[in-house]
Amino acid sequence: MKNQEIFKIPTCNFDIVVDTDAYADSIYEMDDQFAIAYMLTYSCFNVKAFYTFTNDPEFKRGIIEVVNRCHRQDLADKVFAGGTRAFDRGNVEKSEAAVDLIERSKGYSKENPLYVLAIGPVTNIASALSLEPSIAEKIVVVALFGHDFNQKDTAEYNLQKDLEASKVLMESDAPLMLVPCIDVAKKLELSSQECVKAFKGKNEIGDYLIYCMSKMCSKEYFPKLKRVIWDAIPVALLSRPELLTYEIREKPLIDDNVCWKLTGSHKKMLYVSDIDAEKIKKDMLERISEI
């Protein structure tokens, strides 16, 4: 299959699993919660499962708090736990999530792939690819991952949190749609005032997202708070691709200095180079407010 066919954005409903590090009541992040809610406003996403970063139950609760408030209680029992440790090539852990991805992908093919939305560290995906390399022909990974090619390094959180797992993903034959953090996803910045204006009193999920944002700072600072909603961009890539600029580029490796390493490889990936942040933000806020 030609690269342009592999990396064609689907134009109708498609099956997807979501690998996320959404964490309940976190004081550090909230963008996973926004991304999950945004995704659930689009019927094209046929969500089959969620995978948590580790087996900490607060990751599972972080997902369930969102899906329940989006009136998707049917998804609450489709959450599979990640492992207990970082990826180890010599001793790959068979987490619930990794095993589910292997088994679930058996029903798919290059022509009809299972999409894997990766908005956290890629430990589960690397484990599944290592345990059963053939799944690379049956999945397409859509990842918020690393920085753009113009940065001095690519030491972004999702990539460096489990560096060995990240290296495995980039070395694999799995098709990859890559959304860099800096200086691409970084453009989607949301203020607390915008969040309150869009959501307050509208619905359960809107009030919950305001709550998630308020957890990240003191009450006094909240009116001035701004946060990047990083994880919404891979969702927009699959639902509103006309709002992003992307092209087919070489799929690089990751070196020991946590930099992209271009080797002239024949392996390619879809690479997002720019976004219309304001239009994506408007779409996200309007759709979530109407749930």
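Predicted model only: the values in this text are computed from it and were never measured. (Residues numbered from 1 in each chain as written. Predicted model: local features only at pLDDT ≥ 70, side-chain atom pairs only at ≥ 80, totals over all residues. Heavy atoms only, no water.)

## A word on the pattern of salt bridges
Pairing between side chains of opposite charge can happen when their charged atoms approach one another. The condition is simple: Here, a salt bridge means any Lys or Arg side-chain nitrogen found within 4 Å of an Asp or Glu carboxyl oxygen. The secondary structure listing takes helices from DSSP runs of H or I that are at least 4 residues long and strands from runs of E that are at least 2 residues long, numbered from the N terminus. Relative accessibility thresholds used throughout: buried, under 20% of the residue-type maximum; exposed, over 50%; partly exposed, between the two (1.4 Å probe, protein chains only).
What the rule picks out here adds up to 18 salt bridges. Taking the shortest distance from any N to any O, the salt bridge between E164 and R89 comes out at 2.4 Å. In this pair, E164 is assigned in helix 7 (residues 163-171) and R89 in the loop between strand 3 (79-80) and helix 4 (96-105), connecting sequence segments 75 residues apart. In this structure E164 comes out as partly exposed when scored by relative accessible area, which is 29%. We note a salt bridge from K167 to D256, for which the minimum N-O separation is 2.8 Å. Remark: D256 occurs in the loop between strand 10 (253-254) and strand 11 (260-261) and K167 occurs in helix 7; sequence separation between them is 89 residues.

## Examining the environment of D207
What counts here: The criterion used for residue contact is that any of the two residues' heavy atoms lie within 4.5 Å. Nitrogen and oxygen atoms within 3.5 Å of one another constitute a polar contact, given that in protein one can donate a hydrogen and the other can accept it, and given that sequence-neighbouring residues count only through two side-chain atoms.
When you line up the elements, D207 lands in helix 9 (residues 204-214). Given a relative accessible area of 37%, D207 falls into the partly exposed group. Residues contacting D207, with those up to four places away along its chain left out, are F199, K200 and G201. In terms of polar contacts, D207 uses its side chain to reach the backbone amide nitrogen of G201, at 3.0 Å.

## Some details on the nonpolar core
Stated precisely, the cut-off is as follows: Think of a nonpolar core as a cluster: buried Ala, Val, Leu, Ile, Met, Phe, Trp, Tyr and Cys residues, connected wherever their side-chain atoms sit within 4.5 Å.
Of all hydrophobic cores here, the largest spans 69 residues; its most connected members are F45, F50 and M177. In this structure F45 touches F14, I16, M39, V235, L238 and S239, once residues within four positions along its chain are discounted. Ranked by size, the runner-up nonpolar core spans 38 residues in total, among them A49, F87, I135 and L169.

## Let's talk about the sheet that holds strand 3
Rules: The rule for pairing is simple: two strands pair if DSSP sees at least two bridges between them. All axes are obtained by fitting lines to C-alpha atoms, using only the stretch in contact for helices, and the reported angles, taken between N-to-C directions, cover 0 to 180 degrees.
On the basis of which strands lie adjacent, the open sheet formed by eight strands has the order 3-2-1-4-5-6-12-9 and mixed pairing. Because the sheet does not close on itself, it has two edges, and the strands there are strand 3 and strand 9 (244-250). The strands that helix 4 touches are strand 1 (14-20), strand 2 (45-52), strand 3, strand 4 (114-119) and strand 5 (139-144); relative to strand 2, the one it contacts most, it runs at about 150°.

## What about the packing of helix 5 (residues 123-131) against helix 7?
Note the threshold: By the definition adopted for this analysis, an angle is roughly parallel if under 35 degrees, roughly antiparallel if over 145, roughly perpendicular if from 65 to 115, and oblique otherwise. The crossing is said to be left-handed when, going from far helix to near helix, the turn is anticlockwise and less than a right angle, and right-handed when the turn is clockwise. In the scheme used here, Gly and all other residues not listed as nonpolar or charged are polar, with Ala, Val, Leu, Ile, Met, Phe, Trp, Tyr, Cys and Pro taken as nonpolar and Asp, Glu, Lys and Arg as charged.
Interhelical geometry of helix 5 versus helix 7 gives an angle of 55° and a closest axis separation of 8 Å. Compared by their axis directions, helix 5 and helix 7 come out oblique. When the axes of helix 5 and helix 7 are compared, the crossing they make is left-handed. Residue-level contacts link T123, I125, A126, L129 and S130 of helix 5 to A165, V168 and L169 of helix 7. Tallied by class, the residues present in the contact of helix 5 with helix 7 amount to six nonpolar, two polar and no charged.

## A few points about the packing of aromatic side chains
Put simply, the rule reads: In summary, the pairing rule links any two rings of Phe, Tyr or Trp, Trp by its six-membered ring, whose centres are within 6.5 Å, and it sorts them by plane angle into stacked for under 30 degrees, edge-to-face for over 60 and tilted for everything else.
Tallying each qualifying case throughout the model produces eleven aromatic pairs. Arranged with centres 5.2 Å apart and planes meeting at 70°, the rings of F14 and F45 form a pair that is edge-to-face. Placement of the pair is F14 in strand 1 and F45 in strand 2, with a sequence separation of 31 residues. Exposure remark for F14: the relative accessible area of 6% places this residue in the buried category. Seen in terms of ring centroids, Y38 and Y42 are 5.9 Å apart; in terms of plane orientation they differ by 65°. Their pairing is edge-to-face. Relative accessible area serves as the criterion here: at 12%, Y42 is assigned to the buried category. Three or more aromatic residues joined by ring pairs make a cluster, and in this case those are F145, F149, W260 and Y271.

## Thoughts on helix 2 (residues 31-39)
In terms of residue burial, helix 2 counts as a mostly covered element, since nine of its nine residues are buried. Inspection of helix 2 places D31, D32, Q33, F34, A35, I36, A37, Y38 and M39 among the buried residues, and these make up the whole buried set.

## Some thoughts on empty space enclosed by the protein
Empty space among the atoms becomes apparent when a probe as large as a water molecule is rolled across them. Selection criterion: Here a cavity is any set of points on a 1 Å grid over the protein atoms alone where a 1.4 Å probe fits but cannot get out, and a pocket is any open set with protein on both sides within 12 Å along at least 5 of 7 lines; a residue lines the site when it has an atom within 4 Å of a point. Grid points are joined across faces, edges and corners, and a volume is the space filled by probe spheres set on the points.
Going through the model one piece at a time under the given rule, you end up with two cavities of 30 Å³ or more. As a volume, the largest cavity reaches approximately 50 Å³. Contributing to the lining of the largest cavity are G83, R85, A86, F87, D88, E93, S95, T123, N124 and S127. When the residues that make up the lining of the largest cavity are grouped by side-chain class, the tally is two nonpolar, five polar and three charged. Estimates place the volume of the second largest cavity at around 30 Å³. Along the lines of polarity and charge, the residues of the lining of the second largest cavity split into four nonpolar, two polar and three charged.

## Considerations on the state of the cysteines
What counts here: Throughout, a disulfide means two cysteine sulfur atoms within 2.5 Å of one another.
Scanning the model with the defined rule gives zero disulfides in all. With no disulfide of its own, C70 lies 11 Å from the sulfur of C212, the closest cysteine sulfur. By relative accessible area, C70 is classed as buried at 7%. Lacking any disulfide linkage, C212 is separated from the closest cysteine sulfur, that of C195, by 9.0 Å.

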